[in-house]
Every structure is written in C-alpha cells, then in structure tokens.
Amino acid sequence: MKKLSIVLGVLFCGININAQETQPQSDSAKVLKEVKIIALAKKKIQTEMKMAVSVDEFLASSDNISFIKRGAYAWEPLLNNMSTERSTITIDGMHVFGACTDKMDPITSYIESNNLSSVDIKSGQEGSLHGATVAGSIDLKRKTTPFTPGKKYSGAYQTGFEFNNKQLFNLGNLSYASDKFVADGSVSFRKAGNYYDGNNNEVSHSQYNKFNTSLGLAYKTSPFSSVRVDAIFDKASNVGFPALPMDLWLSRALITSASYKQLFQHGLIRAWDTKIYYNAVEHYMDDTKRPENLVHMDMPGWSTTYGLVSRANMKRGDYSAEIQLNTYNNLSIAEMRMYPQDRSKRTMFAYSWPWVTTKFSSLAMSNSWDISENSRMNFGGSLGYNYNRSKYVEFNWIFHPGTPQEKSRILPGLHASYELTLNPFNFSVGTGYGHRAPSVSEGYGYYIYNSFDRYDYIGNPDLKNEISYEANASAGFKNEKMGLEAKVNYFYIQNYIIGRILSLGSPMNYQSVGVKGYTSLNHARIFNVALNANYNILQHLHWKGTLTYARATDDKDGNLPFIRPLSYQTSLHFMYKTFGIQTSVNGDLTQRNYSPEYGEDQTPAYMIWSISANYSFNIKNCKTVLQAGVENLLNEYYSTYADWGNICFGLF
Ligand SMILES: [Cu+2]
C-alpha cells in the first residue's frame, strides 16, 4: 500500500484593509487566553509528515489515541485504549452522537481539517468537565477568527492528490474580521476510490466521498460581549466499509449553535460563555452491493440532540477555575428491515435502538492553584444526572423481561493532581474517580451485529454504572537541545461493560454465529505508558521519537481486545531555507496479548517508512507550500491490531 501524495497549499493569504495599528482591544480571544486555566499544548492541524491531513490522521499523531479502523474513512478514536463509549467527544463543547449502530460515524467524521483549529485531549477524569467519562475527553475546537481593528480578509486553499486510492481533495476556507463583525466559512470535498494493499491487490468497497461546509458569524454587542452563530453541514456518501458486511449509502449531519460571551475586567469571574445547540445526524447503510448477501437488511439510524453548555472562567491571584454546566437531550433511533432480493416483500422489522432518549445534566468544576513559583495543584469534580427511556421497551423485554422503561443514574467524578517543576525537570502525579452510564447500544441495543467477532449484541438496561479508579504520573526533562518525557496511567474499572455469549436467543443475521449480551465484568485493568523524546541535532535538523505500550486485562486476567501492542514512531526533520524534508519510521511490534475470546487473532509486527518534502514560496502576499510525499516506501503489506477484519486502511 505505497501511498504517494502531492499537496499544494496556499496559506495565510491575509489582506489588510485600512489596518490601523491601534492598541488592540482586549477582545474575547485575548482575554480568554489569559484566563485559560491549564496551559494546553495546542497542536496545529498538521502532522510532522503531512500538511494536509484528515482529522483522523491528525488525531493519530497524539500518543494516547489509537484507532479501530473499519474502512479508509471515519476511524473510531480510542483514548487510552478505550472505546468511544468511555470517552466524551464534543465539538466546541457540544455533544453530538453518531447515528450508526455499527460505529461507522464517530463524531470526528463530521468535521474537516479546514474548519478545525485544535483538538483538546484530556486524559481520564480531567476530561469530566464536558460530562461523565472514564477514558477522558476529546474536544474538537473549530476555527474562530478574533475581532481585529480595521478590516481583514484571510483564507487558505489546499488541494492534493493521493495516488494509491486516487483521492482528490479540495479544502478552502475564508475569513473576514473587523472590530465589530467576524465571518468564518469553509468548504471541502474529498473523493477517493478503492485502496491498493501492499500486495497491490485492490481492496474492494474502500471508496468514499465527503463534503463538508461550515459557517460562523460573530458580532460584538459591546466592548466586552459578543454573540456568535455557527453551523456545520457534513455529507458522506458511497462510503465503503470493506471490513463490514455493508457500506454506507448516505450520512448527513447538521450541527448548529448560538452563543453569547461576556468578559469581565474586574472581579473573580473573567469570562462567561453560554451556548445553545441543536444537531441532527442521519445514517443509511446499504448492503445491496455485496453479492454474498442473500437477504438484505436496511439499517437506517437517526440521532437528534439539543443542549446547553454554559461555562465561567474565574481567576483571583494564584487561583483559577472553570465551572461548566452541561445539559442535553438525545434521541437515538435505529431500524432493521429485512427483506429478500425483492424489496416489496419485507420479512422482518425491528428497532435496534428502540427510540432511546437520553437526558443528561452535569455541573463540573476544575480548579488550579499555583502553590509556589514551581508547583501547582489541580483538582476538580463533577456531578452528573443521566436519564434513559426506551419508547419501544418491548424489544428490551425480549431478553430482559419486565425491565423498567426508564432509568436514572447519578454520575459523580473527582480528580486531583500535583505538578512540580524543578528546571530542567518536571513531574506530576494525579488520581481520579468517576462513573459513567452505559451507552445507548450497551443499554438498549437490540441485535446489533458486530462483524469483528460475528455476534449479535443485545443491550442490558439494568447494567450498573462503570466505575473508574485512576492513577497517573509523568516525569520530564527539557532544555534547549532536547526533551524527554515519560507518562503512565492506570485504570481500575469496576463493572467493566463488555459482551458475553448468551446461551439463549438465536442469531438474526445469517452471517452471525451467536448472540452476546452486554454484561459487567467484576473489574478490568488498563495500563498505558508513553515515552517521548526530541533532540535538535543541528539548528535545522530535528529528531523526534515516541514509544507507547499498553496492557489490559479482565477480572480473570484474560486479555481485553483492541489494546495497542508496543508501538514506535521516529522522525527526522530537516529544513534548508524554503525547503524542508522529513522522514519517519513507525510500526507496531507483534501483538502478544491478543484476545481470542473477543474475536482477535495475533497481528504480526509491521514497519512503515515514509518520506516527504516541501517547498515554500510566495505568490504576492500568499505563502504557498508544495508538498510531495510517499508513505510506506517499502510497500509493506500489513494490518494493525485494530484493523477490523485485518484489512489495512492507512498508516500510523
Ligand atoms: Cu452504519
């Protein structure tokens, strides 16, 4: 699967119209930066190797994110080696839920790299500000241009082609800013054909088409307040999922919000930001392009969410804090309609998500106190309320007779950490405790086919809360020449939710081998470690390396599935004037601790060597970058431990 790509990017095309060098007003973005409690490493949406990356490729460059890949598109991000049920994934703090029972549409698939400014990843209970979590939170932050004195237009355009799957993409964004009004807009198209693997075989059903557009408008209502409205529309069509027995015909998402922000010059509260939002996702799968399917099943899904998120930033002396109120209402519906070749003769109808309503509210606070010049204490907590109702509870009664139609849960969370800086060294230790409620599928799913282990999954409305006890630590060294960092975390998770074979019930899908019900293990343990190093060999020659390892076991010391084996990534970056070249090697070692019980087999080691070069030049006042790259130079055939069906889909 050698991947050759060429990218042309025109960036930072700024045009200033009567730009006056007045004293910049303390506009929202600037003040907020000061108030920002915990300094977060915000990454630009590009990786070392590629300047035009997909959101997935960008997330892959974070060392606590791995993926389950079902196709070339819309990978499921695993945070700390835990599936998406265990993390909260939000867009600017808004909760959005996918409409696919088979997880074809993680939230990260509804945004595009040209309307994204950064991704804020928090590990474990530190991520509980956005809602109850075990693994942590991933917040996708959209691009927002700050108000500026004078008038300013800026924009960027990227086009590129990847030869392997004939992927053509065009990404454009344009912004206008003045002292009163700001507009941000973006449009993107991606079209890809089938992939070719390392043996040069075509991987059928791996094509995709994606269109994404966004618009944001902000107006300054007073020197210290502004209103903003935002919308994203995303449409994916004809997306192949080679690892699944069906493809995606069409998926559409509309994500909208309106917010009001007020800044304060004096007092404890410095900024207050309130947003109301609404989003709707629809998802239509298609199995008619698979000749092996004798009986066809339509499995459409819908997910509608509205909510409110309100947050206040506070600061006094050495103390700063953020309080967040979150509340949302989600309705998830998924249908199963089975029929033979003739569509008019429908033989079966069922709800795989029987109109499940989730209402959630939480109040969370995170505090930071600078004890001295070189030490800081972070602590916080959250209290959440989760309510579920299954409208067509008769589907749940088939396996759980008499289970109540409604269920409420209280979800508490607590965390604390201590940071110490003794230049050039820094250390941190932390701990956390938190609950999460089962997801819609885990609680109310009915015959959700999982092609990985080939079982139909049944939800259990009576599952207990999953309870996480967590510890983490880090140690680092940093000077002008080099940096070294080690991070570890450990999760002991009580009532760990996972599918177990049920003796009753017969499979619905003819491909399926049996029925599994979601149950709670007494506990599971997950341990993650990451080592990062960088070294500036010369002024313009930089080396970077990452090593990650994870280990996860159930209550009988058996292995949990989808745990990344020892993996490494190392890269060299060289710059000469307007010319840059970078090369990287990454791979996984043999997966030793795989889990046959959950459908895994051992995945062998693989290694990928990639190289890319770029050249920058100016056309008038536009910075232009031309980049060419080859990923998997040696054309190695491989699949990673988390490639559904051991089909390979991408690098990293
Ligand atoms: Cu789907």
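If you're wondering where the values come from, they're calculated on a predicted model, not measured in any experiment. (Residues numbered from 1 in each chain as written. Predicted model: local features only at pLDDT ≥ 70, side-chain atom pairs only at ≥ 80, totals over all residues. Heavy atoms only, no water.)

Brief notes about the overall build of the protein chain
Step number 1: Counting its regular elements, the protein chain contains four helices and 34 strands.
Step number 2: Here the protein chain holds 652 residues, and the buried ones make up 56% of them.
Step number 3: By sequence separation, contacts in the protein chain at least 24 residues apart represent 66% of the contacts at least 6 residues apart.
Step number 4: Carbon and sulfur atoms make up 60% of the accessible area of the protein chain, which totals about 27400 Å². (Helix = DSSP H or I, 4+ residues; strand = E, 2+ residues; numbered from the N terminus. Buried < 20%, exposed > 50% of the residue type's maximum accessible area, 1.4 Å probe, protein only. Contact = heavy atoms within 4.5 Å. Areas by Shrake-Rupley, 256 points an atom, 1.4 Å probe, with all protein chains shown as cover.)

Overview of the sheet that holds strand E7 (residues 116-123)
The pairing of strands in a sheet happens through backbone hydrogen bonds and is either parallel or antiparallel.
Step number 1: Read across the open sheet, the four strands follow the order E6-E5-E8-E7; overall the sheet is mixed. The open sheet has two edge strands with one neighbour each: strand E6 (94-95) and E7.
Step number 2: Both E7 and strand E8 (residues 136-142) contribute to a ladder of seven bridges, which runs antiparallel. Across the sheet, the residue bridging to Ser-118 is Lys-141, located in E8. (Pairing = 2+ DSSP bridges.)

Description of the nonpolar core
Step number 1: With 45 residues, the main nonpolar core has Ile-91, Ile-138, Leu-140, Tyr-496, Ile-526 and Leu-560 as its most contacted residues.
Step number 2: If sequence neighbours within four positions are ignored, Tyr-496 has contacts with Arg-86, Glu-466, Thr-519, Ser-520, Leu-521, His-523, Ala-524, Ile-526 and Leu-560.
Step number 3: Counting 30 residues, the second-largest nonpolar core is a separate cluster that includes Met-104, Tyr-351, Phe-399 and Val-515. (Core = buried A, V, L, I, M, F, W, Y, C linked by side-chain atoms within 4.5 Å.)

Quick notes on the coordination of the copper ion
Step number 1: On the protein side, the copper ion has Cys-100 (SG), Met-104 (SD), His-283 (NE2) and Met-285 (SD) as donor atoms, found 2.1 to 2.5 Å from it.
Step number 2: Viewed at the metal, the four donor atoms of the copper ion are separated by angles of 96 to 121°, and the geometry they form is tetrahedral.
Step number 3: Within one chain, the residues donating to the copper ion are spaced in sequence as C-x3-M-x178-H-x1-M. With Cys-100 in the loop between E6 and E7 and Met-285 in strand E17 (residues 269-286), this pair connects stretches of sequence that are 185 residues apart. For the pair formed by Cys-100 and Met-285, the shared burial category is buried. (Donors = N, O, S within 2.8 Å, 3.2 Å for Na, K, Ca; no water. Tetrahedral: all angles 85-135°; square planar, octahedral: opposite > 155°, others 65-115°.)

Observations regarding the environment of Met-297
Step number 1: Summarising the element assignment, Met-297 is placed in strand E18 (residues 296-298).
Step number 2: Judged by its relative accessible area of 9%, Met-297 is buried.
Step number 3: Spatially, the C-alpha atoms of Met-297 and Met-336 are 6.4 Å apart, while their sequence positions differ by 39 residues.

Things to note about the pairing of strand E24 (residues 425-436)
Step number 1: Alignment of strand E23 (residues 406-422) against E24, held across ten bridges, turns out to be antiparallel. Paired with Leu-420 across the strands is Phe-427, a residue of E24.
Step number 2: Counting the residues between successive antiparallel strands, the hairpin from E23 to E24 contains two residues.
Step number 3: Across twelve bridges, E24 lies against strand E27 (residues 466-478) in antiparallel orientation. Bridging from a neighbouring strand, Thr-431 pairs with Ala-471 of E27.

What about the packing of aromatic side chains?
Step number 1: Tallied over the full model, the rule gives 23 aromatic pairs.
Step number 2: Taking the centre distance of 5.0 Å and the plane angle of 50° together, the rings of Tyr-153 and Tyr-176 count as tilted. With Tyr-153 in strand E9 (residues 151-162) and Tyr-176 in strand E10 (residues 167-177), this residue pair connects regions lying 23 residues apart in the sequence.
Step number 3: Taking relative accessible area as the criterion, Tyr-153 reaches 38% and is therefore assigned partly exposed.
Step number 4: Their ring planes at 90° and their centres at 5.8 Å tell us that Tyr-351 and Phe-395 sit as a pair that is edge-to-face. Highlighted residues: Tyr-351 in strand E21 (residues 348-372) and Phe-395 in helix H3 (residues 394-397), separated in sequence by 44 residues.
Step number 5: Overall, Tyr-351 belongs to the buried group, its relative accessible area being 11%. (Phe/Tyr/Trp six-rings, centres within 6.5 Å; stacked < 30°, edge-to-face > 60°.)

Description of the pattern of salt bridges
Step number 1: All chains considered together, the criterion is met by 22 salt bridges.
Step number 2: With a closest N to O distance of 2.6 Å, Lys-210 and Asp-234 form a salt bridge. Taken together, the residues Lys-210 in strand E14 (residues 208-222) and Asp-234 in strand E15 (residues 225-239) connect sequence positions 24 residues apart.
Step number 3: Judged by relative accessible area, which is 6%, Lys-210 ranks as buried.
Step number 4: Taking the relative accessible area as the measure of exposure, Asp-234 reaches 0% and is therefore buried.
Step number 5: One salt bridge connects Asp-286 with Lys-289, and the closest N-O pair in it is separated by 3.8 Å. (Salt bridge = Lys/Arg side-chain N within 4 Å of Asp/Glu carboxyl O.)

Some details on a nonpolar patch on the surface
Step number 1: A cluster of nonpolar side chains, Leu-4, Ile-6, Phe-163, Phe-574, Tyr-576, Phe-579, Ile-581, Tyr-615 and Leu-626, forms an exposed patch at the surface whose accessible area comes to about 800 Å².
Step number 2: Put simply, the parts of the chain that give the nonpolar patch at least two residues each are strand E1 (3-11), strand E31 (567-576) and strand E32 (579-588).
Step number 3: Within the secondary structure, Leu-626 sits in strand E34 (residues 622-631).
Step number 4: Relative accessible area serves as the criterion here: at 38%, Leu-626 is assigned to the partly exposed category. (Patch = residues over 30% accessible without salt bridge, like charges linked within 9 Å, V, L, I, M, F, W, Y side chains within 5 Å.)

Brief notes about the side chain of Asn-81
Step number 1: Within the fold, Asn-81 resides in the loop between strand E4 (76-79) and strand E5 (87-91).
Step number 2: Judged by relative accessible area, Asn-81 falls into the buried class, the value being 11%.
Step number 3: Engagement of the side chain of Asn-81 in a polar contact is seen with the side chain of Asn-528, the distance being 2.8 Å.
Step number 4: A polar side-chain atom of Asn-81 sits 3.0 Å from the main-chain amide nitrogen of Arg-564. (Polar contact = N/O pair within 3.5 Å; in protein donor to acceptor, adjacent residues only side chain to side chain.)

Structural notes on the environment of Asn-330
Step number 1: Along the chain, the position of Asn-330 falls in strand E20 (residues 319-339).
Step number 2: C-alpha of Asn-330 to C-alpha of Phe-360: the two residues are 30 residues apart in sequence and 8.6 Å apart in space.
Step number 3: Once residues lying within four places of it in the same chain are set aside, the contact partners of Asn-330 are Phe-97, Ser-303, Thr-304, Thr-305, Val-356, Thr-357 and Thr-358.
Step number 4: Side chain to side chain, Asn-330 and Thr-305 meet in a polar contact 2.9 Å long.

Examining the side chain of Ser-616
Step number 1: Summarising the element assignment, Ser-616 is placed in strand E33 (residues 606-619).
Step number 2: Using a relative accessible area of 18% as the deciding quantity, one classes Ser-616 as buried.
Step number 3: Ser-616 has contacts with Thr-578, Lys-623, Thr-624 and Val-625, leaving out every residue within four places of it along the chain.

As for the confidence of the model for the protein chain
Step number 1: Across the protein chain, the average pLDDT comes to 86, with 89% of residues at or above 70.
Step number 2: Across residues 17-43, confidence stays below pLDDT 50; counting only partners more than four residues off in sequence or on other chains, it has 46 contacts.
Step number 3: Per-residue pLDDT stays below 50 along residues 648-652; that stretch engages in 37 contacts with residues further than four places along the chain or on separate chains. (pLDDT = per-residue confidence, 0-100.)

Looking at the pairing of E14
Step number 1: Looking at chain direction, strand E11 (residues 181-192) and E14 are connected through twelve bridges and run antiparallel. Bridged to Ser-188 within E14 is Asn-212.
Step number 2: In the sheet, E14 pairs with E15 via 13 bridges, with the strands oriented antiparallel. Paired with Tyr-219 across the bridge in E15 is Val-227.
Step number 3: Taken together, E14 and the strand that follows it, E15, pair antiparallel across an intervening segment of two residues.

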